[in-house]
Amino acid sequence: MNKPSHRILVMGVSGSGKSHIGQQLAAKLGATFIDGDDHHSPANVAKMASGTPLNDNDRRDWLATLAELFADHKACNASVVIACSGLKKRYRDRLREADPALHVLYLEGSHALLRERLATRAGHFFKGDNMLASQLADLEPPSSDEAVTVSIALSPGEIVERFTAALAPTLRVH
Ligand SMILES: Nc1ncnc2c1ncn2[C@@H]1O[C@H](COP(=O)(O)OP(=O)(O)O)[C@@H](O)[C@H]1O
Ligand SMILES: O=C(O)[C@H](O)[C@@H](O)[C@H](O)[C@H](O)COP(=O)(O)O
């Protein structure tokens, strides 16, 4: 029998720690980590770099690409963690088309703490509070049925621990 594999979405607005936590989670699970940011089109990157938030239309092809990555890993019975804002329910539904058993970790934080985290992060194309405010406006937080929600005020290690503990029965983490 194949060993179990898992597809995991780490979601939240910019600055919530998706990349940082996603990498640690993937390392703990022996999964591949993919940063959704690396799959934006040049047009999307240019738009964000100019300080303009993305809209549904801009995100459509990007989500299709990430869904394909989930599907490819599922087809190979390979575990993968993808960091992607996944702000709206329908965006997550789009990703779940690739794997109905998709696990979701939602990183929840206050506007003040998110702003602080973004202010201390260097060398990233994301621009400013205007985009953070727009992402918070777009955000449709997942219900407890859809995701494990963990506060970003906790340490990265604790966040990973809480998520893996919540999913222990299905993830078979040792
Ligand atoms: N739980 C945490 N505690 C403290 N700092 C964190 C935590 N999670 C992430 N960070 C830091 O916050 C900043 C934003 O994290 P990042 O992973 O880039 O967020 P995102 O990918 O969601 O935009 C980074 O400098 C990162 O090192
Ligand atoms: O849905 C969105 O609008 C995108 O996810 C996007 O705007 C993202 O937030 C940026 O690529 C910044 O990257 P981080 O979210 O990693 O800061």
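Preceding this section is the structure that the text describes.
All figures in this text were calculated on a predicted structure; none of them were measured in a lab. (Residues numbered from 1 in each chain as written. Chains lettered and ligands numbered in written order. Predicted model: local features only at pLDDT ≥ 70, side-chain atom pairs only at ≥ 80, totals over all residues. Heavy atoms only, no water.)

Caption draft 1: Molecular detail of the packing of helix 1 (residues 18-29) against helix 7 (residues 156-166). One can describe the packing of helix 1 onto helix 7 by two numbers: an axis separation of 10 Å at closest approach and a directional angle of 55°. When the axis of helix 1 is compared with that of helix 7, the two are oblique. Between helix 1 and helix 7 lies a crossing whose hand is right-handed. Of the residues in helix 7, those touching helix 1 at His-20, Ile-21, Gln-24, Leu-25, Lys-28 and Leu-29 are Pro-156, Gly-157, Ile-159, Val-160, Glu-161, Phe-163 and Thr-164. By residue class, the composition of the contact of helix 1 with helix 7 is seven nonpolar, four polar and two charged. (Axes fitted to C-alpha atoms, helices over the stretch in contact; angles between N-to-C directions. Helix = DSSP H or I, 4+ residues; strand = E, 2+ residues; numbered from the N terminus. Parallel < 35°, antiparallel > 145°, perpendicular 65-115°, else oblique. Left-handed = near helix turned anticlockwise from the far one by under 90°. Contact = heavy atoms within 4.5 Å. Nonpolar A, V, L, I, M, F, W, Y, C, P; charged D, E, K, R; others polar.)

Caption draft 2: Structural context of the packing of helix 3 (residues 56-75) against helix 4 (residues 89-96). Two elements in contact, helix 3 and helix 4, have axes whose closest approach is 8 Å; the angle formed by their N-to-C orientations is 30°. For the element pair helix 3 / helix 4, the angle class is roughly parallel. Here the hand of the crossing between helix 3 and helix 4 comes out right-handed. Where helix 3 approaches helix 4, its residues Asp-56, Arg-59, Leu-63, Ala-64, Leu-66, Ala-67 and Phe-70 are matched on the opposing element by Arg-90, Tyr-91, Arg-94 and Leu-95. Its residues placed into classes, the contact of helix 3 with helix 4 shows seven nonpolar, no polar and four charged.

Caption draft 3: View of the site of ligand 1. The environment of ligand 1 is formed by 15 residues, the closest being Gly-15, Lys-18, Ser-19, Arg-121 and Leu-154. At 2.9 Å from a nitrogen atom of ligand 1 is found a main-chain nitrogen or oxygen belonging to Leu-154. Burial of ligand 1 by the protein chains amounts to 80% of its free accessible area of 560 Å². Contributing elements (two or more residues each) for the shell around ligand 1: helix 1 and helix 7. Counting residues per element, the shell around ligand 1 draws most heavily on helix 1, which supplies three residues. Of the residues in the shell around ligand 1, the class split is five nonpolar, seven polar and three charged. (Near = heavy atom within 4 Å. Polar contact = N/O pair within 3.5 Å; in protein donor to acceptor, adjacent residues only side chain to side chain. Areas by Shrake-Rupley, 256 points an atom, 1.4 Å probe, with all protein chains shown as cover.)

Caption draft 4: Broad picture of the pattern of salt bridges. Under the defined criterion, the tally for this structure stands at 13 salt bridges. The salt bridge involving Asp-93 is made with Lys-89; its shortest N-O contact spans 3.2 Å. Highlighted residues: Asp-93 and Lys-89, both in helix 4, separated by four residues, approximately one helical turn. Its relative accessible area of 37% is what places Lys-89 among the partly exposed residues. The residue Arg-94 makes a salt bridge to Glu-97 at a minimum N-O spacing of 3.0 Å. The class for Glu-97 is exposed, based on a relative accessible area of 58%. Through salt bridges with shared partners, one network takes in Lys-89, Arg-92, Asp-93, Arg-96 and Glu-146. (Salt bridge = Lys/Arg side-chain N within 4 Å of Asp/Glu carboxyl O. Buried < 20%, exposed > 50% of the residue type's maximum accessible area, 1.4 Å probe, protein only.)

Caption draft 5: Up close: the pairing of strand 3 (residues 80-83). Burial of strand 3 is two-sided: the residues Val-80 and Ile-82 facing one way and the residues Val-81 and Ala-83 facing the other way are all buried. Note that strand 1 (residues 7-11) and strand 3 share four bridges and pair parallel. Bridge assignment links Val-10 to a residue of strand 3, and that residue is Ala-83. Sheet topology places strand 2 (residues 32-35) next to strand 3; four bridges connect them, and they run parallel. Each bridged residue has a counterpart across the sheet, and for Asp-35 the counterpart in strand 3 is Ala-83. (Pairing = 2+ DSSP bridges.)

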